[in-house]
Amino acid sequence: SQQGEEDPQALSIQEGENATMNCSYKTSINNLQWYRQNSGRGLVHLILIRSNEREKHSGRLRVTLDTSKKSSSLLITASRAADTASYFCATVPSGTYKYIFGTGTRLKVLA
Amino acid sequence: DTGVSQDPRHKITKRGQNVTFRCDPISEHNRLYWYRQTLGQGPEFLTYFQNEAQLEKSRLLSDRFSAERPKGSFSTLEIQRTEQGDSAMYLCASSPGGVSVGANVLTFGAGSRLTVL
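Residues numbered from 1 in each chain as written. Chains lettered and ligands numbered in written order. Predicted model: local features only at pLDDT ≥ 70, side-chain atom pairs only at ≥ 80, totals over all residues. Heavy atoms only, no water.

Please clarify how the overall build of chain A should be interpreted in this entry.
Along chain A, the regular secondary structure elements total 0 helices and 11 strands. Order of helices (α) and strands (β) in chain A, N terminus to C terminus: β-β-β-β-β-β-β-β-β-β-β. By the compact-globule yardstick of 13 Å for 111 residues, chain A fits well, its C-alpha radius of gyration being 13 Å. If one aligns the C-alpha atoms of chain A with their principal axes, the spans along those axes are about 45 × 30 × 20 Å. (Helix = DSSP H or I, 4+ residues; strand = E, 2+ residues; numbered from the N terminus. Rg over C-alpha atoms; globule rule 2.2 N^0.38 Å.)

I would appreciate a short explanation of the confidence of the model for chain A in the present structure.
As a note on interpretation, predicted positions should not be read in detail where pLDDT is low. Averaged over every residue, the pLDDT of chain A is 92; residues scoring 70 or more account for 96%. Within chain A, no element has a lower average pLDDT than strand β1 (residues 5-7) of chain A, which sits at 85, and none a higher one than strand β7 (residues 61-66) of chain A, at 98. (pLDDT = per-residue confidence, 0-100.)

Explain the interface of chain A and chain B here, please?
How big an interface is tends to be stated in terms of accessible area lost as the parts join. Facing the 21 residues of chain A at the interface are 22 residues of chain B. Together, the buried faces of chain A and chain B total about 1,800 Å²; carbon and sulfur atoms form 57% of this surface. The interface formed by chain A and chain B contains 0 salt bridges. Here chain A and chain B share 6 residue pairs in polar contact (both at pLDDT 80 or more) between them. Of all the elements in the fold, those that place two or more residues in the side of chain A that touches chain B are β4 (31-37) and β5 (43-50) of chain A. Residues of the side of chain A that touches chain B, tallied by class, amount to 7 nonpolar, 10 polar and 4 charged. (Contact = heavy atoms within 4.5 Å. Buried area = accessible area lost by both parts, 1.4 Å probe. Salt bridge = Lys/Arg side-chain N within 4 Å of Asp/Glu carboxyl O. Polar contact = N/O pair within 3.5 Å; in protein donor to acceptor, adjacent residues only side chain to side chain. Nonpolar A, V, L, I, M, F, W, Y, C, P; charged D, E, K, R; others polar.)

Which parts of the structure should I look at to understand the state of the cysteines?
Evaluation of the coordinates by the stated rule reveals 2 disulfides over all chains. Paired through a disulfide, C23 of chain A and C89 of chain A show a sulfur-sulfur distance of 2.0 Å. Residues C23 of chain A and C89 of chain A are joined by a disulfide whose S-S torsion is about 70°; by sign, that bridge is right-handed. Taken together, the residues span a long stretch of sequence, with C23 of chain A in strand β3 (residues 19-24) and C89 of chain A in strand β9 (residues 85-91) at a distance of 66 residues. Pair check on accessibility: C23 of chain A and C89 of chain A agree, each one buried. Sulfur-sulfur distance for the disulfide between C23 of chain B and C92 of chain B comes to 1.9 Å. Taking the sign of the torsion about the S-S bond as the criterion, the disulfide between C23 of chain B and C92 of chain B, at about -70°, is left-handed. Within this pair, whereas C23 of chain B is found in strand β3 (residues 19-24), its partner C92 of chain B is found in strand β9 (residues 88-95), the two being separated by 69 residues in sequence. Neither C23 of chain B nor C92 of chain B differs from the other in exposure class; each is buried. (Disulfide = S-S within 2.5 Å. Buried < 20%, exposed > 50% of the residue type's maximum accessible area, 1.4 Å probe, protein only.)

For this particular structure, what's the right way to read the packing of aromatic side chains?
Working definition: an aromatic ring pair is given by the centre-to-centre distance plus the angle between the planes. Tallied over the entire structure, the rule returns 11 aromatic pairs over all chains. For the ring pair F101 of chain A and F108 of chain B, a centre distance of 6.0 Å and an interplane angle of 70° mean the geometry is edge-to-face. On the criterion of chain membership, the pair formed by F101 of chain A in strand β10 (residues 100-101) and F108 of chain B in strand β10 (residues 107-108) is interchain, its members lying in two chains. Each member of the pair, F101 of chain A as well as F108 of chain B, carries the same accessibility label: buried. One aromatic cluster is present, formed by Y35, Y97, Y99 and F101 of chain A together with Y33, Y35, F45, Y48 and F108 of chain B through successive ring pairs. (Phe/Tyr/Trp six-rings, centres within 6.5 Å; stacked < 30°, edge-to-face > 60°.)

Next comes the structure, spelled out in C-alpha cells:
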C-alpha cells in the first residue's frame, strides 16, 4: 500500500505564483524526500529532509516536516512554466529498504 | 558516467510472451531498486538489491516476475507469461548506500514502457 499521500492531487497556478503541496505518511521515518517527474520520464530528486529537521531550503524550494503530524509540505516559490510536473514525496518505513511513494501532485504552471 | 540506463525504452508484446528489461545503475552505487508505475499513480516498489543480494521483494509480485543482479552491477527484470495488467512503466533506480545523507538519494532511469496487447 502507498504510504505517502499527496494533497492536492492537481494544482494549476499562474507563472510567478507560489505552489504548495502536502504529503502525509503513516510510520516512523529517518528522512523524507521529494521527487519531480516530468511527463513520461523518470523521477528526479529535489530535496531530502531528515527526521530531526523541521525546515529546509534549496533555491526556490522550501520543505517543512512535522513528525508529530506525520506530514510534510513542499513550497515552490515564484513558479515557472518549467515547474510543470508531478511531485511525489517518498519515505522509507523503519525496518524496510523500500521507498514508498504517494500518488503525487500534478502541478501545472500557466505562462 | 551518464546516470542510470534502462533498455529497452519501449516494448510492445503479445499476451503470454516473456519480456526482459535491463538496468545499468551508476557504477559506484551498490543499491538498486525496481519500481512499476501506471498512469496517474506513484511508483510502486517491486524489489531491492544491495550488491548482488536481493534483500526485499514486494508481496504484490506474482511468481511471474523475477529479478537478478548477478555481479552486483547491472540488473534484469523478467516478466513471464505477460498479461495486459502488466502494462506499465518499469523504473530502475540506484543509490550509493552508506551512512551519508546522499547515500539515500535515488537516481532514476528514464524507464522502460511495456505495452501488452
